[in-house]
Amino acid sequence: MLTVSLARHRERLAGLVPEDVLADEDAVAHHHACAVWSCLTEPGDGVAGSLIAELGAVAALHVAWGSGGPTSAELEAGRRRWHARRDSVEDAFDRARRVGAQLLVPGGHGWPREVDDLGVHAPRALWARGDTTALGGARPALALVGARAATGYGEHMTGEFATHLVRAGVRVVSGGAYGIDGMAHRASLAAGGVTVAVLAGGVDRAYPSGHADLLARIAAGPGVVVAEVPCGTAPTKWRFLQRNRLIAALSGATVVIEAGWRSGSLNTAGHAAALGRPLGAVPGPVTSAASAGCHRLLREYDARCVTSADEARELLGLNSPRVDASAERVDDATRILDALSARSPRTPDDVARRAGFSPGEARGLLALLELDGRAQRGPEGWRRAPAPR
């Protein structure tokens, strides 16, 4: 690996980095070394991180191949891991060029410095498709995460949060998965906002495959699809868990919309708390298993109770007027109440048709009205609750 010439480094990096990088020998060496490290290591490899922090990416790569430097049992184990992947490097560069990916490295142009808070577990590099300015800049970022098996209530709340957040100039960060993640991205795009999808596999692999079109829309801008693993890498359970730390690090705060008792979203919440980032959770019906994880965060992890996009913005230290958002929610609730009967139970689909909402939106609003005591759910459907005496 070390015998590869500077000209070969430039050839590998062509199309992946700005032209001014290719004109600087030191920048070429640094970018190339960081990219190689991302191919050799699993996300969060602390041995590699410590070595790079001590020596720099280029010198650390020399040590990785056994060319001098410190040695230990831990380092020798790392060398065996890294050497097993050295044949994958060329393919990763080729795949990245084919899909038009961009390479970002620590200290380089476009690198989101927020991820440096991960210390020795920070990514060696990031591979991105789309507008990389979406990863940083003046706009604050907030992570909206939650269960894949989202309910209508969860999807409704996510859509409402994402829409109001991006209209207020906040970037929405999530993981591109089904359920809450997908709704956060779709609502952000629909509102003309900026959204960031952090993947557990390479940015050349749409995962889940059912979100191929959604991820392509994000990459078309002004959003970005990003991963720390190189192109060609398949997502695994470990990589999903490690991906979650990037979602937390890229965001000024994290809000869990809906999550089961053991949801992977709680892993993202744990990373946010470990980084000292504000953490919020949206309450749901106490009878809903889909909200048990949120209630656990509120009860056991000192998460802030968040019931609106304005309260989510407060986690970022932003003040915002509440009038428009609250008025809109009141109007929506009134339409649902008007579609209910105090005597005859009605199905959520019937309520949705009468009120002019989608079935998912209607279910979410019905759940909110149930929490307020203004709607009642029975075996045959929903009724308007009797007025208190």
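See the structure shown above.
Nothing here was measured: the structure is a model prediction, and the numbers come from that model.

A.B. asks: Give a description of the packing of helix H3 (residues 25-40) against helix H7 (residues 89-98) that names residues and reports values.
C.D. replies: Running from N to C, H3 and H7 point in directions that differ by 110°, and their axes come no closer than 9 Å. Considering the angle they form, H3 stands roughly perpendicular to H7. Together, His32, Ala35, Val36, Cys39 and Leu40 of H3 and Val89, Ala92 and Phe93 of H7 make up the contact between the two elements.

A.B. asks: Provide a residue-level description of the packing of helix H4 (residues 46-55) against helix H5 (residues 57-64), including the pertinent values.
C.D. replies: Packing of H4 against H5 brings their axes to within 7 Å, and their N-to-C directions diverge by 125°. Judged by the angle between their axes, H4 and H5 are oblique. Judged by the twist between their axes, the crossing of H4 over H5 is right-handed. Two secondary-structure elements touch here, H4 through Leu51, Ile52 and Leu55 and H5 through Ala57, Ala59, Ala60 and Val63. The residue inventory of the contact of H4 with H5, partitioned by class, reads seven nonpolar, no polar and no charged.

A.B. asks: Go over helix H13 (residues 292-300), please, and point to the residues and values.
C.D. replies: Here H13 has its buried residues at Gly293, Cys294, Arg296 and Leu297. Along the long axis of H13, the arc covered by the buried residues comes to 160°, so they all point the same way. Where the residues of H13 are buried, they touch strand S7 (253-258), helix H12 (265-274) and strand S8 (279-281). In the stretch just after H13, aspartate 302 is the one whose phi turns positive, near 60°.

A.B. asks: Give me the lowdown on the nonpolar core, citing residues and values where you can.
C.D. replies: Ranked by internal contacts, the top residues of the largest apolar core, which has 47 residues, are Trp37, Trp82, Phe93, Leu103, Trp127 and Val225. Those elements that provide at least two residues to this core are helix H2 (19-22), H3, H4, H5, helix H6 (73-83), H7, helix H10 (212-219) and strand S6 (224-227). Of all the elements, H3 adds the most residues to this core, at nine residues. Each residue touching tryptophan 37, except ones within four places of it in the same chain, is listed here: Ala48, Leu51, Ile52, Ala57, Ala60, Leu61, Ala64, Trp82 and Arg124. Listed in part, the 39 residues of the second largest apolar core include Leu144, Ile257, Ala339 and Ala355.

A.B. asks: How would you summarise the packing of aromatic side chains if you had to cite specific residues and measurements?
C.D. replies: Considering all chains together, one arrives at three aromatic pairs under this definition. Taking 5.0 Å as the distance between ring centres and 85° as the angle between the ring planes, the aromatic pair formed by tryptophan 37 and tryptophan 82 counts as edge-to-face. Pair noted here: tryptophan 37 is in helix H3 and tryptophan 82 is in helix H6, with a separation of 45 residues, a long-range link. Residue tryptophan 37 shares its accessibility class with tryptophan 82, and that shared class is buried.

A.B. asks: So, the sheet that holds strand S9 (residues 304-305): which residues are in play, and what are the values?
C.D. replies: Spatial ordering of the open sheet is given by S1-S2-S6-S5-S4-S3-S7-S8-S9, a layout of nine strands whose pairing is mixed. Looking at which strands have only one partner, the edges of the open sheet turn out to be strand S1 (102-104) and S9. Pairing of S1 with strand S2 (residues 126-130), which is carried by three bridges, proceeds in the antiparallel orientation. Counterpart to leucine 104 in the pairing with S2 is leucine 126. In this fold helix H11 (residues 237-249) packs onto S2, strand S3 (141-146), strand S4 (171-174), strand S5 (195-198) and S7, with an angle of close to 160° to the strand it touches most, S5.

A.B. asks: How would you sum up the pairing of strand S11 (residues 381-384)? Please name residues and give values.
C.D. replies: Pairing of strand S10 (residues 375-378) with S11 involves four bridges; the strand directions are antiparallel. Residue alanine 375 lies in a different strand from S11, and its bridge partner there is arginine 384. The loop that links S10 with its antiparallel partner S11 comprises two residues.

Each value, and the rule that gives it
Residues numbered from 1 in each chain as written. Predicted model: local features only at pLDDT ≥ 70, side-chain atom pairs only at ≥ 80, totals over all residues. Heavy atoms only, no water. Axes fitted to C-alpha atoms, helices over the stretch in contact; angles between N-to-C directions. Helix = DSSP H or I, 4+ residues; strand = E, 2+ residues; numbered from the N terminus. Parallel < 35°, antiparallel > 145°, perpendicular 65-115°, else oblique. Contact = heavy atoms within 4.5 Å. Left-handed = near helix turned anticlockwise from the far one by under 90°. Nonpolar A, V, L, I, M, F, W, Y, C, P; charged D, E, K, R; others polar. Buried < 20%, exposed > 50% of the residue type's maximum accessible area, 1.4 Å probe, protein only. Arc of directions from axis to C-beta. Core = buried A, V, L, I, M, F, W, Y, C linked by side-chain atoms within 4.5 Å. Phe/Tyr/Trp six-rings, centres within 6.5 Å; stacked < 30°, edge-to-face > 60°. Pairing = 2+ DSSP bridges.

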